[in-house]
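# Structural overview for review
In case you want the letters, here they are:
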Amino acid sequence: MLQTQELQVNIGPQHPSTHGVFRMLVTVDGETVVDLKPVFGYLHRNHEQIAEANTYLQNMPYTDRLDYFNSMANNHAYAMAVERLAGIEVPERAEYIRVLMVELTRILNHASAVGFMINDMGAWQTPLAFGMREREKILDLFEMASGARLMCNYFRFGGVARDLPPEFIPNLRELLVALPAYIDELERLLRDNEILLQRAVGIGILPREVALSYGVTGPVLRGSGIPYDVRKAEPYSVYDRFDFDIPIGKVGDVYDRFLVRIEEMRQSKRIIEQVLEQLPDAKGGHINPKARQNVRPPVGDAYARIESPKGELGFYLVSDGSGKPYRYKVRAPSFINLTPLADMCRGYKVADIVVILGSIDIVMGEVDR
Amino acid sequence: MMEPPFEIEIPRGRVIEVQRDDSRVRRGGGLLRGMAVIWKHWKESFRLNRSYSQIHGTFTIQYPEEKPRIPEAYRNMPILLYDDETGHELCTSCFQCERICPPQVIHMTQAKDPATGKPVPAVAEFIIEYDACMSCGFCAEVCPFDAIKMDHEFELSTDDHAQLTVHKAQLNRPISYYASIAPTMWAEVRESALKKLQGNIRRRPDVIGIAPHLTERIAARRAELAAQAAAPSPAAEPASPPAPSAPTEARKLTPEEKAAKLAAIRAAKAAQAGDGVTPSAEGGTPAEAPPADDKAARLAAIRAANAAKKAAATDAAPAATGEPTTPTPADDKAARLAAIRAANAAKRKQAADSVDTEEGS
């Protein structure tokens with residue numbers, strides 16, 4: 001009988017597949033994962049403490065840097081929290097612009113998330129380039145509106161920083177012509193690929209009950225078959241005015257998450273089309289002119305949550321009546337979705353860890369804060 | 001096959017289950033379909049296509065040779081604006097940007113009148129640490145004078161770290177530069193920015209608030225003009241009453257004109273006071289006259305303007321009830337400032353008196 005022994009292996013913190021600085025302490029029995037301990041905190045930069053030393057408005061650019069793929073979504077959640085705290089009204093047009101930006105962000109995020117996941121499977125660069133291509137065009141649109149591609153800092157309390165420039169809508173309409181073909185192509189490129197099926201089907205299964213008990217949200221939860229989406233469960237902004245479907249998976253494996261993301265891109269495109277229909281009739285300007293940016297909210301607390309592309313993103317703010325938040329807490333979807341990693345990886349091979357991690361779609365900037 | 005988890009009616013939509021097609025047998029067909037996509041893209045990649053509505057073709061920008069198209073709203077690093085004509089900087093060192101800057105990289109000191117030591121609405125030194133700037137654009141957003149704007153320049157790399165602490169001399173850009181990179185955004189604020197600037201120029205003595213690289217040029221020009229104005233001082237006497245009309249014109253004054261006017265006033269005063277009292281006024285260069293003189297002249301001008309205005313108001317008051325005289329804001333402001341200053345002086349005097357009496361008792 002061969003003498004075997006369990007071995008502890010560190011994957012990360014400096015590892016190309018870990019999407020940042022993230023360490024996994026893996027106990028392996030041969031190639032099989034016996035246990036996994038995620039270790040994070042390497043990218044900790046005191047986000048919440050800095051926020052408590054800043055004024056409310058000064059925090060807006062810092063939220064960009066949480067999940068740097070989705071700065072618009074982070075802005076939205078934070079702006080909503082402060083607006084709830086200070087009782088600021090948002091004009092209709094501003095709400096539509098916000099929804100438009102966040103849905104564009106969702107397409108951008110899912111396209112690159114799929115690309116990175118395939119990249120982690122070993123299809124180096126080519127599918128990633130496909131995932132990134134439309135992202136570039138969306139970033140161009142962001143640049144037109146907000147002035148920056150990634151760190152948009154576009155939202156303000158009571159609206160957005162400036163109205164859409166005249167060239168934005170025509171360019172967006174052109175992009176919408178390309179999007180269905182693009183999403184179909186991305187799906188055709190990968191969906192039936194035998195290598196992807198081998199690496200994705202039945203891998204990293206997250207059962208429904210486990211997902212619920214960990215508080216997982218977003219495409220990971222929907223991939224496990226639970227139709228929970230904050231946009232439907234608690235419609236914020238103007239999401240109750242749009243028709244869109246919630247895609248869910250059957251099994252809860254890597255393949256389901258991949259398919260859910262592809263489908264969500266289609267639904268986001270549907271929402272954007274409806275926004276463009278309704279935007280011209282929307283009342284008000286891009287910002288509430290009465291909203292002060294140097295807010296001093298009354299004593300109290302507020303929690304606002306949105307369906308960020310990665311899951312439920314929430315900001316909890318406590319005000320002591322001064323111009324700075326007394327407590328500032330981020331409910332980061334990446335962080336919470338990462339916690340069941342051990343349960344998802346147990347029993348699979350070492351090579352699957354990388355794929356499973358890629359399918360959760362984490363950004364370390366948001367995990368560690 | 002699992003059953004669909006729940007049947008839920010959700011408002012304005014459905015819960016749809018993704019199609020997995022697990023059961024279909026594949027023998028490399030999926031792989032070939034993917035290859036077909038890549039083949040098509042490879043074939044099309046020789047064609048340049050930058051349309052947003054196309055998914056094929058390459059839209060790569062050959063960067064160093066070809067610059068990217070930058071939208072107007074693009075923001076990279078903050079810059080300071082100054083007026084092309086007069087060289088006056090728009091910044092008044094109100095400290096708004098320093099206060100809002102999230103990473104606290106803006107530092108400035110307010111300019112002081114060398115004669116009185118009182119702060120004037122101009123900036124002496126302005127430093128931005130470019131290396132720590134997060135390009136959020138808040139400084140440009142809060143600036144009430146539109147003095148700080150976001151530049152489009154992005155090739156900032158340098159091998160010297162110290163160069164990224166940028167001083168006012170390197171931050172200064174003419175308004176025409178900003179108007180060229182962001183025409184519509186400048187057009188929106190142009191009116192109010194220039195109006196505010198003219199208001200501030202009037203409160204800036206000498207060359208304070210002029211972009212450093214233009215200071216010498218403008219000072220030289222001023223001295224030249226002043227010399228011209230001072231030389232025929234007795235002949236300039238008939239032209240001496242410009243004092244009352246000065247404030248109304250002041251809004252459009254360039255520094256050269258201003259200097260000339262000041263010199264004229266000074267010359268007129270000197271002529272009035274008699275040749276024996278200020279012999280230096282004719283012989284010496286008036287531009288180097290002590291700043292106190294300068295100040296006195298200005299005060300005199302303001303006082304004269306006030307007197308003229310008061311007279312005009314009393315004249316107009318009985319007659320023009322239907323159409324109230326609307327003094328230009330600049331006039332109004334100058335008058336109010338003078339009034340405030342007089343009130344302050346009176347108060348100070350009173351306070352001093354009361355202290356004296358207290359000490360005396």
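Scroll up a little and you will see the structure.
Reading the values: the criteria
- Residues numbered from 1 in each chain as written.
- Chains lettered and ligands numbered in written order.
- Predicted model: local features only at pLDDT ≥ 70, side-chain atom pairs only at ≥ 80, totals over all residues.
- Heavy atoms only, no water.
- Helix = DSSP H or I, 4+ residues; strand = E, 2+ residues; numbered from the N terminus.
- Rg over C-alpha atoms; globule rule 2.2 N^0.38 Å.
- Buried < 20%, exposed > 50% of the residue type's maximum accessible area, 1.4 Å probe, protein only.
- Contact = heavy atoms within 4.5 Å.
- Areas by Shrake-Rupley, 256 points an atom, 1.4 Å probe, with all protein chains shown as cover.
- Lys, Arg positive; Asp, Glu negative; His and termini not counted.
- Charge placed at Lys NZ, Arg CZ, Asp CG, Glu CD.
- Salt bridge = Lys/Arg side-chain N within 4 Å of Asp/Glu carboxyl O.
- Buried area = accessible area lost by both parts, 1.4 Å probe.
- Nonpolar A, V, L, I, M, F, W, Y, C, P; charged D, E, K, R; others polar.
- Pairing = 2+ DSSP bridges.
- Axes fitted to C-alpha atoms, helices over the stretch in contact; angles between N-to-C directions.

## Let's talk about the overall build of chain A
Within chain A one finds 15 helices and nine strands. In summary, chain A has a C-alpha radius of gyration of 21 Å against a globular reference of 21 Å for 369 residues, a match within 12%. C-alpha extents for chain A along the principal axes are approximately 80 × 45 × 35 Å. A buried classification covers 65% of the 369 residues belonging to chain A. Sequence-distant contacts in chain A: of pairs separated by 6 or more residues, those separated by 24 or more amount to 72%. Total accessible area on chain A is roughly 12500 Å²; 54% of this is exposed by carbon and sulfur atoms. Distance between charge centres in chain A, computed from 42 positive and 48 negative side chains, equals 4 Å.

## Concerning the pattern of salt bridges
Pairing is possible between side chains that carry opposite charge, provided their charged atoms lie close to one another. Tallied over the full model, the rule gives 39 salt bridges over all chains. The salt bridge involving R12(B) is made with D243(A); its shortest N-O contact spans 2.9 Å. A residue pair is termed interchain when its members come from two chains, as with R12(B) in the segment before β1 (15–17) and D243(A) in the loop between α10 (230–233) and β6 (246–248). A relative accessible area of 39% places R12(B) in the partly exposed class. For D243(A), a relative accessible area of 30% puts it in the partly exposed group. For E155(B), the salt bridge identified is with K67(B), shortest N-O distance 2.9 Å. Of this pair, E155(B) sits in the loop between β5 (148–150) and β6 (165–166) while K67(B) sits in the loop between α1 (29–44) and β2 (78–82); the two residues are 88 residues apart in sequence, bridging distant segments of the chain. Note on E155(B): relative accessible area 39%, which makes it partly exposed. Shared partners join several salt bridges into a network, and the residues in it are E103(A), R106(A), R222(A), D229(A), R231(A), E264(A) and E307(A).

## Regarding the interface of chain A and chain B
Taken together, the contact between chain A and chain B spans 68 residues of the former and 53 residues of the latter. The junction of chain A with chain B conceals about 5100 Å² of combined surface from both sides, 57% of it contributed by carbon and sulfur atoms. Counting the surface chain A buries against chain B, the share from its top three residues, D192(A), E194(A) and K250(A), is 14%. One can count three salt bridges joining chain A with chain B. Two residues, R14(B) and D245(A), come together in a salt bridge whose shortest N-O distance is 3.1 Å. Listed by contribution, the elements that provide at least two residues to the side of chain A that touches chain B are α2 (59–64), α5 (126–146), α6 (168–190), α7 (194–200), β6 and α11 (254–278) of chain A. With twelve residues, α5(A) is the largest single contributor of residues to the side of chain A that touches chain B. Here the residues of the side of chain A that touches chain B are counted per class, giving 31 nonpolar, twelve polar and 25 charged. Across three bridges, β6(A) lies against β1(B) in parallel orientation. Bridge pairing in β1(B) links I246(A) to V15(B).

## Some details on the sheet that holds strand β2 (residues 23–29) of chain A
Residue and element names in this part refer to chain A. Spatially, the three strands line up as an open sheet ordered β1-β2-β3, and their pairing is antiparallel. At either margin of the open sheet sits one strand with a lone partner, and together these are β1 (7–11) and β3 (32–39). Between one strand axis and the next, the sheet turns by 25° as a mean value, whatever way the strands run. Two strands pair when backbone bridges link them, and β2 and β3 are joined in this way by seven bridges, in the antiparallel orientation. The residue bridging V28 from the neighbouring strand is V33, located in β3. Sheet strands touched by helix α14 (residues 350–360): β1, β2 and β3. Its angle to β2, the strand with the most contacts, is close to 145°.

Interpretation in functional terms is not warranted from these geometric data alone.
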